[in-house]
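Survey of secondary and tertiary structure
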Amino acid sequence: MSPVMPSDFDPENAEPEGFVSPGLPVDKASTSGRLPIGDPEQIPDPAEVDIPDDLRDQIQAIVDKYPDRDHKGSPKSASIPVLWIIQRRYGWCTPEGIVQAAAVMQVTPAYLESVASFYDLLRTSPQGEHQVLVCTNIACWMRGGDELLDSFCAKTGADLEAAGHGGALSEDGRILVSGFECLGACDLAPMASVDERYFGPLENADASTIVDQLESGAEVLPEKALDRRGLAGGVADSSDPRVVDGKGPNQ
Amino acid sequence: MSEVNGNGGAVEETRVLLRHAEDPKMASLEGYESYGGYRVLKKALKEIEPEWIVGELEESGLRGRGGAGFSMGKKVSFLPHTDDAKYLCCNADESEPGAFKDRELMQRNPHQLIEGMIISSFAASIGHAFIFIRGEYDEQADILDHAVEEAYEAGYLGNNILGSGFNLELVVHRGAGAYICGEETALLDALEGKRGNPRLKPPFPAVQGLYGGPTLINNVETLSNVSHIVANGADWFKSFGTEQSPGTKVVSVSGCVKRPGNYEVELGVTLRDLIFGLAGGPLDGHEIKAFYPGGSSSPVLTPAELDLPYSFEAMAEAGSMLGSGSIIVADDSVSIPRMAKRTSKFYRHESCGKCTPCREGTSWTDKMLERVCTGEATPMDLDIISSVQDNIMGNCLCVLGDAMAMPVSSMVKKFRDEFEETIAEEAAKTWSFDGLEAVDGQEPGPGGMSQKTLRRERLAGRSIPGEGVS
Ligand SMILES: Cc1cc2nc3c(=O)[nH]c(=O)nc-3n(C[C@H](O)[C@H](O)[C@H](O)COP(=O)(O)O)c2cc1C
Ligand code: SF4
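Structural notes, computed from the coordinates. Quick caveat, the model's predicted, so the values are computed rather than measured.

1. Observations regarding the packing of aromatic side chains
Given two aromatic rings, their pairing is described by the distance between the two centres and the angle made by the two planes. Applying the stated criterion across every chain yields a total of twelve aromatic pairs over all chains. Between Tyr198 of chain A and Tyr137 of chain B the ring centres are 6.3 Å apart and the planes differ by 65°, which places this aromatic pair in the edge-to-face class. Within this pair, whereas Tyr198 of chain A is found in strand 5 (residues 197-199), its partner Tyr137 of chain B is found in the loop between strand 2 (128-133) and helix 7 (138-153), the two belonging to separate chains. Where Tyr38 of chain B meets Tyr156 of chain B, the ring centres are 4.1 Å apart and the plane angle is 20°; that geometry is what we call stacked. Of this pair, Tyr38 of chain B sits in the loop between helix 1 (29-34) and helix 2 (39-47) while Tyr156 of chain B sits in the loop between helix 7 and strand 3 (169-174), and the two are 118 residues apart along the sequence. The exposure class assigned to Tyr38 of chain B is buried, which follows from its relative accessible area of 0%. One aromatic cluster is present, formed by Tyr32, Tyr38 and Tyr156 of chain B through successive ring pairs. Above the ring of Phe312 of chain B, the side-chain terminus of Arg63 of chain B is found at 4.2 Å from the ring centroid. Positioned over the ring face of Trp364 of chain B is Lys367 of chain B, at 5.9 Å from the centre of the ring.

2. Structural notes on the pattern of salt bridges
It is possible for side chains bearing opposite charge to pair when their charged atoms get close. Within the structure shown, the criterion is met by 45 salt bridges over all chains. A salt bridge links Arg342 of chain B to Asp146 of chain A; the shortest N-O distance between them is 2.6 Å. Of this pair, Arg342 of chain B sits in helix 14 (residues 336-350) while Asp146 of chain A is found in helix 6 (residues 145-156), placing the two residues in two different chains. Between Lys201 of chain B and Glu184 of chain B there is a salt bridge, and its shortest N-O distance comes to 3.1 Å. Taken together, the residues Lys201 of chain B in the loop between helix 8 (184-191) and strand 4 (215-219) and Glu184 of chain B in helix 8 connect sequence positions 17 residues apart. Here the salt bridges share partners, and the residues they tie into one network are Arg88, Glu196 and Arg197 of chain A together with Asp138, Asp142, Asp145 and Arg174 of chain B.

Analysis parameters
Residues numbered from 1 in each chain as written. Chains lettered and ligands numbered in written order. Predicted model: local features only at pLDDT ≥ 70, side-chain atom pairs only at ≥ 80, totals over all residues. Heavy atoms only, no water. Phe/Tyr/Trp six-rings, centres within 6.5 Å; stacked < 30°, edge-to-face > 60°. Helix = DSSP H or I, 4+ residues; strand = E, 2+ residues; numbered from the N terminus. Buried < 20%, exposed > 50% of the residue type's maximum accessible area, 1.4 Å probe, protein only. Lys NZ or Arg CZ within 6 Å of the ring centre and 35° of its normal. Salt bridge = Lys/Arg side-chain N within 4 Å of Asp/Glu carboxyl O.

Spelled out as structure tokens, the structure:
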């Protein structure tokens, strides 16, 4: 994710050149432009970490859903869902958020960092207010996915090269545009996921409309939303007696 | 849907799982129950023996719909009959390019899956169940969250379900974007809150899976079939499909077709019926050139194979596979070398990096295919590409490497001419039009190869056409 220059980037807290975060896996986690808070290898003492009550409750509720150590489970199971909570709250997996989560879950921040850096959807650097993921995998590519990504970049000023390799922010830093592998919606090709909702099939001109809608806070292309779509085969009932006389569900 | 198509004939879907799925109320508990939902669960908990259910599932021949096609009933029967805590994981990771059937099933009929999971858990005395859904499917995960909540409120989940003494907790677990988490043991790691890396097998998950306990892992569509089989019996199920591939299958058809989408058919209908009859065939003025019959991991087939029945056995016999049941169609406007490049790019990105043949092999293949597409490769490189694929296959912890090697080597084999043409065409672009003077001031070498390519070939000690071994 190269030219990501977040609006809230704090140069005071930036890494010196060539700096590698101690104890963190040397991948995205060490290149995200910041120093870790405290010792990433130590489980934070909950008494020393300032955590909003509602966030603490939310995280604890997730941890409680998984089998605990007495049942051979582990609070670590909650890692991904808890990182999602952190990302939803702060916009990305911030170092502060990770320490807060680690304190409630009683795991090390380094552990959560390493998990966050593995997954494409968890961001260890700022990702803007809106996310546009454009599928450029096989089926979308055949139907114009690359051109659609170009159109989003042209409209937002996001760097095309960087957008194709992990994502790039728009000129104003508000929208993340990212080429993406198959999103599981080849029937909508070419398609994009806009703030975690699917839209397609899209035309290049739709990129401009979507960006305008995001910026003005309007509803994004309702007529192309996945949830408005019918089954490909339309409304059909079977005349097959095995189906009609079945005793299971869907009768 | 019935439609006559010059190429397909009259084709009708056989909707069992997707029946009434176009009705939006199917997604709610009330709607699902109004169509007979949870009837089987009530009956099962009251009057059916778990052993009978396992027997019926085995007898039905239901094969896993997630890719490998292994008998679901057998998998259940492998779980040890001990008092250890056992787990069920529904694989809703669906990240293979071309696959989008689980998305549709969860979006339109989440309770069908939940009911199937409860009955399967009851049959195998499992106390904890999880749905591992890919993070990108946020909309469907919200639908599932809501449906699970409804099921808890109705007393279908939790303690002492419907007074039967059977307990089951069900958690919807969102992933966060990593194809490899669909591999069953990586999925277990992801569920345990780790980076999703595949584990060495054996031990198989049925013996030692989640938190070290016996674990059943099945795909969304596999589990969605369970209540239908328990309600109607194994013989009913076997009346659909072929002997070795019983039942119906939700098939995702995409790419260069008029009506891409999910179609539910009996296994054994022809590919032509699916691609032409249901999905409308190629766009006007185009012809089909190749297609992946079972997702991006399956070796491609050509139009000559359109009349084969769509079944596990027929696809295997044709040297490919049915996999997750996803057909991606390429027409004559699609460049096969570039399609191979898209394929390798995906697997290179998704390799977890644990095994050398996969990590290096996917990355090398991707770079070599890049050179094919920019004209820097030579026809001899195609042989190297093929041999690299042979060296990946069967040499890794999981089959992600094979999943790239199989389609790529099939494309190089079946469309070799086109690969060579692409190399020649792209190489020619680096020369000025009169063909005499190279853009960089150098003469084109033998075989139209650029000086850069020639130099590399000579350094590698490979023979140059028209030059002998240099
Ligand atoms: C790299 C890789 C990715 C996979 N992705 C999925 C997937 O997204 N969904 C799925 O159901 N199975 C996937 N599988 C297959 C699973 O490992 C496993 O076989 C399947 O979930 C078993 O369920 P089934 O028997 O019901 O098909 C994948 C396998 C591999 C090797
Ligand atoms: S084959 Fe590839 S994806 Fe699978 S474990 Fe090995 S490196 Fe990881």
